[in-house]
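Read off the chains here:
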Amino acid sequence: MKKRIVVHRVTNIQKVRDELYFYTKGDANLTEDNYKIPEENVVGVVKVKILWIGYPTVVLSEL
């Protein structure tokens, strides 16, 4: 399985026993993702947003 980093907004955090799970939604998506992210899969926090910076990557990945 190919590993990749995806940046999504956290919409909800759920604590189950001693573990945290994050529910997310991409800004361009109409609905929340239908899966939860375990805390160990979170690799960082977005501090700055630069408009359109990822657009060339999207275009190139669709070629």
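Computed from a predicted structure; not experimentally measured. (Residues numbered from 1 in each chain as written. Predicted model: local features only at pLDDT ≥ 70, side-chain atom pairs only at ≥ 80, totals over all residues. Heavy atoms only, no water.)

Another aspect to go through is the pattern of salt bridges. By the definition in use, this model includes 1 salt bridge. Across the salt bridge formed by R9 and D27, the nearest N and O atoms sit 3.0 Å from each other. Taken as a pair, R9 in strand β1 (residues 9-16) and D27 in the loop between β2 (19-25) and β3 (36-38) lie far apart in primary sequence, 18 residues in all. (Salt bridge = Lys/Arg side-chain N within 4 Å of Asp/Glu carboxyl O. Helix = DSSP H or I, 4+ residues; strand = E, 2+ residues; numbered from the N terminus.)

With that out of the way, let us pick up the pairing of β2. Pairing of β1 with β2, which is carried by 7 bridges, proceeds in the antiparallel orientation. When the bridges of β2 are listed, N12 appears paired with Y23. Between the end of β1 and the start of β2, which pair antiparallel, lie 2 residues, with R17 showing a positive phi angle near 55 degrees. (Pairing = 2+ DSSP bridges.)

Aromatic rings in a pair are described by how distant their centres are and how their planes are angled relative to each other. What the rule picks out here adds up to 1 aromatic pair. Pairing W52 with Y55 gives two aromatic rings, centres 6.0 Å apart and planes at 85 degrees, and the pair type is edge-to-face. Among the residues examined, W52 registers a relative accessible area of 68% and is labelled exposed. Residue placement shows K36 over the ring face of Y21; its charged tip is 4.6 Å from the ring centre. (Phe/Tyr/Trp six-rings, centres within 6.5 Å; stacked < 30°, edge-to-face > 60°. Buried < 20%, exposed > 50% of the residue type's maximum accessible area, 1.4 Å probe, protein only. Lys NZ or Arg CZ within 6 Å of the ring centre and 35° of its normal.)

Spatial strand order, β1-β2-β3: 3 strands in an open sheet with antiparallel pairing. At either margin of the open sheet sits one strand with a lone partner, and together these are β1 and β3. For this sheet, the mean inter-axis angle between neighbouring strands, taken without regard to orientation, is 35 degrees. (Axes fitted to C-alpha atoms, helices over the stretch in contact; angles between N-to-C directions.)

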